[in-house]
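Understanding the architecture of this molecule
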Amino acid sequence: MAEIKLGLGNPPLPVYLYVKKLELNGQVYGWYNFDVALDKQTPVPQRALTGYLSELQLTDKDYKGKDNLKLDIFILADELYVVRSGIETNFTKSFLLAASVVEDFSRPLTIVATPGEENVVFCTLYDATTKTKIRRDWDANADWAGLIQQIQAKLSGSPKYDLEEDERDRLVVEPPSSTSTKPVVHPQDARIKQIRTLLDYPVDLVKEWLHFQDVKFPSQLPTNKVNELVKTMCLAWAADKLENPNHASNSYQQQVLSAIASGADETAAIKAWMNYVVGQRTAVSSR
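Nothing here was measured: the structure is a model prediction, and the numbers come from that model. (Residues numbered from 1 in each chain as written. Predicted model: local features only at pLDDT ≥ 70, side-chain atom pairs only at ≥ 80, totals over all residues. Heavy atoms only, no water.)

1. Examining the packing of aromatic side chains
- One pass over the full model with this rule turns up 7 aromatic pairs.
- Between Tyr16 and Tyr18 the ring centres are 6.0 Å apart and the planes differ by 20 degrees, which places this aromatic pair in the stacked class. Considered together, Tyr16 and Tyr18 belong to a single accessibility category, that of buried residues.
- Centre to centre, the rings of Trp138 and Trp144 are 6.4 Å apart; their planes meet at 45 degrees, and the pair counts as tilted. (Phe/Tyr/Trp six-rings, centres within 6.5 Å; stacked < 30°, edge-to-face > 60°. Buried < 20%, exposed > 50% of the residue type's maximum accessible area, 1.4 Å probe, protein only.)

If you want it as structure tokens, here you go:
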């Protein structure tokens, strides 16, 4: 960690690194700084950033009138750095694949922006202590939302940052109103919000799941897809509470879906199932 410098200086705001292949005066760069006031991109000559991975956040940015979901990778070094890359870029996907095999995030990592053919930039990850490359085979069909959740779980004890300018707490499941009156919330949007809150499921992962369905709101999906999202959230909640994942899935089928089919309230059925799961874990731990 860097020594704290006393006296006058700049505000402790993060240094953003945007991922993009840039060519300038015959040199090829993998990322750049962006000056909003001047609308100017400044290539960063250093290809590598070394520090401690602290957090992953999803940010929904508007670009030319279209929503553009970004992954923010927080790196704590001499400054706080935020590496921002599109969620569907090769840089983000190669980062997630490599980071998913890291077990100890208390060790510093080196992130390298590696320009490829055309406009592609890849991410290469190293253990900064041993200088060894962290490897995982490319998988174009990987569960990207699952990888983000897996890495976030390992980073649960790391420092977290709330950057107001990114409006990270805006709930994607509540469409903005086009009138001054209170909007009417679609039942499917309200349903997901209620269950997500009950399970304390990260809103970023709901955003990610919806993004890969090419929608912004649950109300834009057929009911069977919304049911799939509910099940995904429930089983994610139970993942660290039952050793056998099949037990979680089977009990969800028997206790939640069967109860709903019999006319029970969905939220009440999920609460009862959660109590059952917690009871099973307690029974196992007391043996």
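Moving on, there is more to tell.
2. Some points on the pairing of strand S1 (residues 15-24)
- Taken together, the 4 bridges between S1 and strand S6 (residues 80-86) define a ladder with parallel strand orientation. Looking at the pairing, Val15 lines up with Tyr81 of S6.
- Looking at chain direction, S1 and strand S2 (residues 27-35) are connected through 5 bridges and run antiparallel. Residue Glu23 lies in a different strand from S2, and its bridge partner there is Val28.
- Hairpin connection of S1 to S2: 2 residues between the antiparallel strands, including Asn25 at a positive phi of 55 degrees. (Pairing = 2+ DSSP bridges. Helix = DSSP H or I, 4+ residues; strand = E, 2+ residues; numbered from the N terminus.)

3. Examining the packing of helix H4 (residues 203-211) against helix H5 (residues 223-238)
- Two numbers describe how H4 lies on H5: the axes approach to 12 Å, and their chain directions differ by 145 degrees. When the axes of H4 and H5 are compared, the crossing they make is right-handed. Judged by residue contacts, Val206, Trp209 and Leu210 of H4 engage Lys225, Glu228, Leu229, Thr232 and Met233 from H5.
- The residue inventory of the contact of H4 with H5, partitioned by class, reads 5 nonpolar, 1 polar and 2 charged. (Axes fitted to C-alpha atoms, helices over the stretch in contact; angles between N-to-C directions. Left-handed = near helix turned anticlockwise from the far one by under 90°. Contact = heavy atoms within 4.5 Å. Nonpolar A, V, L, I, M, F, W, Y, C, P; charged D, E, K, R; others polar.)

4. Notes on the pattern of salt bridges
- In total, this model carries 6 salt bridges according to the counting rule given.
- Residue Glu103 is joined to Lys154 by a salt bridge in which the shortest nitrogen-to-oxygen separation is 3.6 Å. Highlighted residues: Glu103 in the loop between helix H1 (90-99) and strand S7 (109-115) and Lys154 in helix H2 (residues 144-154), separated in sequence by 51 residues.
- A salt bridge links Lys241 to Asp240, with the shortest nitrogen-to-oxygen separation between them at 3.1 Å. (Salt bridge = Lys/Arg side-chain N within 4 Å of Asp/Glu carboxyl O.)

5. Topic: H2
- Every buried residue of H2 is listed here: Trp144, Ala145, Leu147, Ile148, Ile151 and Gln152. Down the axis of H2, the sector holding all buried residues measures 160 degrees, keeping them to one side. (Arc of directions from axis to C-beta.)

6. Overview of the side chain of Ser100
- Along the chain, Ser100 turns up in the loop between H1 and S7.
- For Ser100, a relative accessible area of 5% puts it in the buried group.
- Discounting residues that sit within four places of it in the chain, Ser100 has contacts with Arg136, Leu147, Gln150, Ile151 and Lys154.

7. Some remarks on the confidence of the model for the chain
- Summarising the model, the chain shows a mean pLDDT of 82, and 85% of its residues fall at 70 or more.
- Across the chain, strand S9 (residues 132-133) holds the top mean pLDDT of 95, while helix H7 (residues 266-285) sits lowest at 81.
- Counted against residues more than four places away or in other chains, residues 165-183, with its pLDDT under 50, gives 38 contacts. (pLDDT = per-residue confidence, 0-100.)

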